[in-house]
Amino acid sequence: MPDTSDRLSAQSPSSLPAASIAEAPEAAEPLPITPSLAWNWQAFIPAGLAILLVFAAGVWGGWRVWQQRQRTLQCQQAIELIDRGYVRILEFQGTDPQAIETLANSLQVIAADLRGLNLANPRLADDQEKFIGLYQQLGDSYGKMADEVRKITSAKPDAAILKELKRSQSNIKRYGADAHDIARQLETLSSEFNRYCATGQ
C-alpha cells in the first residue's frame with residue numbers, strides 16, 4: 001500500500017514555495033463608484049439654494065402684488081369720499097344760512113364716513129386722519145359762518161345792534177378765510193394722496 005503521508009505533507013501550504021504563495025488570488029477589490037452614480041452633495045447645495053431663492057422670490061412677488069391690490073382698493077374707498085366732499089364744496093352756491101349750514105353738515109358727514117374706513121396701509125391711515133381733521137375744520141368754519149349770516153339776516157335795522165352786526169360780518173370774513181386756507185390744504189393733501197395711490201411713493 002503506498003504511503004500517502006509524504007504526499008499529503010508535500011501539499012501543505014507551509015511546504016509550498018514562496019512563489020506559489022505569492023501567486024494565489026487575492027480578495028476582489030470593490031468596484032469604484034462612477035461619477036454618474038455618485039450623489040454629488042456639493043452640487044446639490046447650490047441647486048437647493050437656487051430653488052429656495054426662486055420660491056422666496058415667488059412668495060415675495062405674490063405678496064407685493066397682493067399689497068398693491070390692497071392699496072389700490074383702499075385708495076378707491078378713500079378717494080370716493082374725498083371727491084364727494086370736494087364736489088360739495090365746488091357745487092356750493094348760496095349765501096343764505098340754511099345753504100351754508102347744509103354744506104357744513106355734509107362735510108361733517110364726510111369726515112365721519114372717512115373715519116369709518118378701515119385703512120390698514122399706514123401711509124393711507126395717516127392721510128385718512130389728516131383728511132378727517134380738515135373736513136371737520138372746514139365743516140366747523142362753514143357752520144360758524146352760517147350762524148353769523150343768520151344773525152345778520154334776521155336782525156332788525158336798529159342802531160343798537162349795528163356793532164354786533166359788524167362783528168358778525170368780520171367773523172364771516174375770518175371763517176371764510178379759514179375755509180379757504182383749509183381748502184388749499186385739502187387740495188395739497190389730495191394731490192399727495194393721489195400720487196401715492198398711483199405710484200406707491
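What counts and how
- Residues numbered from 1 in each chain as written.
- Predicted model: local features only at pLDDT ≥ 70, side-chain atom pairs only at ≥ 80, totals over all residues.
- Heavy atoms only, no water.
- Helix = DSSP H or I, 4+ residues; strand = E, 2+ residues; numbered from the N terminus.
- Expected span 1.5 Å × (residues − 1).
- Buried < 20%, exposed > 50% of the residue type's maximum accessible area, 1.4 Å probe, protein only.
- Disulfide = S-S within 2.5 Å.
- Phe/Tyr/Trp six-rings, centres within 6.5 Å; stacked < 30°, edge-to-face > 60°.
- Lys NZ or Arg CZ within 6 Å of the ring centre and 35° of its normal.
- Contact = heavy atoms within 4.5 Å.
- Axes fitted to C-alpha atoms, helices over the stretch in contact; angles between N-to-C directions.
- Parallel < 35°, antiparallel > 145°, perpendicular 65-115°, else oblique.
- Left-handed = near helix turned anticlockwise from the far one by under 90°.

S.K.: In this structure, what is going on with helix 4 (residues 97–115)? I would like to understand it.
M.R.: Owing to its 3.6 residues per turn, the α-helix brings residues three or four apart onto one side. Between its terminal C-alpha atoms helix 4 stretches 27 Å, which fits the 27 Å expected from 19 residues at 1.5 Å a residue. Within the sequence span of helix 4, burial applies to Pro97, Ile100, Leu103, Ala104, Ser106, Leu107, Ile110, Ala111 and Leu114.

S.K.: Sorry if this is basic, but what is going on with the state of the cysteines here?
M.R.: The bond known as a disulfide is covalent and runs between the sulfur atoms of two cysteines. Following the criterion strictly, the structure yields one disulfide and no others. One disulfide in the model links Cys75 with Cys197; its S-S distance is 2.0 Å. Since a negative S-S torsion denotes a left-handed disulfide, the Cys75-Cys197 link at about -90 degrees is left-handed. With Cys75 in helix 3 (residues 41–91) and Cys197 in helix 6 (residues 162–199), this residue pair connects regions lying 122 residues apart in the sequence.

S.K.: For this particular structure, what's the right way to read the packing of aromatic side chains?
M.R.: The description of two aromatic rings rests on the distance between their centres and on the angle between their planes. Inspection of the entire model under this criterion finds two aromatic pairs. Seen from the ring of Tyr196, Arg71 lies directly overhead, with NZ or CZ sitting 5.8 Å from the centre.

S.K.: Is there a simple way to think about the side chain of Asp127 in this case?
M.R.: Within the secondary structure layout, Asp127 lies in helix 5 (residues 122–154). Those residues in contact with Asp127, other than ones at most four positions away along the chain, are Leu189 and Phe193.

S.K.: Quick question: what am I supposed to make of the packing of helix 5 against helix 6 here?
M.R.: Pairs of packed helices are described in terms of their axes, by the angle between the two and the distance that separates them. Orientation of helix 5 relative to helix 6, taken along the N-to-C sense of each, is 160 degrees, at an axis distance of 8 Å. Considering their axes alone, helix 5 and helix 6 lie roughly antiparallel with respect to each other. For the element pair helix 5 and helix 6, the recorded crossing hand is left-handed.

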